[in-house]
Amino acid sequence: QVQLVESGGGLVQPGGSLRLSCAASGSIFGIYAMGWYRQAPGNQRELVATMANSGRTDYADSVKGRFTISRDNSKNTVHLQMNSLKPEAPAVYYCKADGVVTDQGTGSGYWGQGTQVTVSS
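Below you will find a few notes about this structure.

Conventions adopted
- Residues numbered from 1 in each chain as written.
- Predicted model: local features only at pLDDT ≥ 70, side-chain atom pairs only at ≥ 80, totals over all residues.
- Heavy atoms only, no water.
- Helix = DSSP H or I, 4+ residues; strand = E, 2+ residues; numbered from the N terminus.
- Buried < 20%, exposed > 50% of the residue type's maximum accessible area, 1.4 Å probe, protein only.
- Pairing = 2+ DSSP bridges.
- Phe/Tyr/Trp six-rings, centres within 6.5 Å; stacked < 30°, edge-to-face > 60°.
- Lys, Arg positive; Asp, Glu negative; His and termini not counted.
- Salt bridge = Lys/Arg side-chain N within 4 Å of Asp/Glu carboxyl O.
- Polar contact = N/O pair within 3.5 Å; in protein donor to acceptor, adjacent residues only side chain to side chain.
- Contact = heavy atoms within 4.5 Å.
- Axes fitted to C-alpha atoms, helices over the stretch in contact; angles between N-to-C directions.

### Digging into the overall build of the chain
A count of helices and strands for the chain gives zero helices and twelve strands. Ordered by position in the sequence, the α and β elements of the chain form the string β-β-β-β-β-β-β-β-β-β-β-β. For the chain, the spread of C-alpha atoms along the three principal axes comes to 45 × 25 × 20 Å. Counting over 121 residues, the chain shows a buried share of 45%.

Listed below in structure tokens is the structure:
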């Protein structure tokens, strides 16, 4: 059973920073891609940033230059450093893992429970 647990959300003032973390647990031999998505009320879940185990990254245009994704493949963790945060509707940030290799085979589409991020003065 693969589980993803996020941490690090909260309330921050505009211009501030937050660091989100996600840890994958289970009998995991490796993970191809880990990433972050966010969903505001009434909106669809959208990509924020992803990182393959090769180090290749992909960012939403709206966060380029402000957010940085990083991974520790040995610990099956992924982090999202968010700087220069802008005031916008609160969103839940979700961690996702794809291409997770376990003793049961390979699976994709594992999601964490989400962590709330609110940017407001």
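### Details of the pairing of strand β5 (residues 46–52)
Taking burial as the measure, the seven residues of β5 include five buried ones, the bulk of the element. Note: strand β4 (residues 28–39) against β5, six bridges, orientation antiparallel. If you follow G35 over to β5, its bridge partner there is T50. Note that β5 and strand β6 (residues 57–59) share three bridges and pair antiparallel. From the neighbouring strand, A49 faces β6, where its bridge partner is Y59. Hairpin geometry of β5 and β6 is characterised by an intervening segment of four residues between the two adjacent antiparallel strands and by a positive phi of about 105 degrees at G55.

### Side note on the packing of aromatic side chains
In the structure shown here, the tally under the stated rule is two aromatic pairs. With 5.1 Å between their ring centres and 70 degrees between their planes, Y37 and W111 make a pair best called edge-to-face. Of the two residues, Y37 is situated in strand β4 and W111 in strand β11 (residues 110–111); the sequence distance between them amounts to 74 residues. A centroid spacing of 6.4 Å and a plane angle of 85 degrees characterise the contact between Y94 and W111, whose relative ring orientation is edge-to-face.

### Concerning the side chain of R66
Inspection of the secondary structure assignment puts R66 in the loop between β6 and β7 (67–72). With no salt bridge to any partner, buried R66 finds its closest opposite charge in E88, at an N-O distance of 5.6 Å. Within the structure, R66 has its side chain in polar contact with the backbone oxygen of S62 (distance 2.7 Å). Discounting residues that sit within four places of it in the chain, R66 has contacts with Q81, M82, N83, S84, L85 and K86.

### Re unusual backbone geometry
Despite not being glycine, N76 shows a phi value in the positive range, around 55 degrees. Along the chain, N76 falls in the loop between β7 and β8 (77–82).

### Details of the sheet that holds strand β3 (residues 18–25)
With antiparallel pairing, the four strands of this open sheet are ordered in space as β1-β3-β8-β7. Each edge of the open sheet is held by one strand with a lone partner, namely β1 (3–7) and β7. Mean inter-strand twist for the sheet, computed between neighbouring axes without regard to direction, equals 15 degrees. Sheet topology note: the β7/β8 ladder contains six bridges and is antiparallel. Within the sheet, the bridge partner assigned to R71 lies in β8 and is V78.

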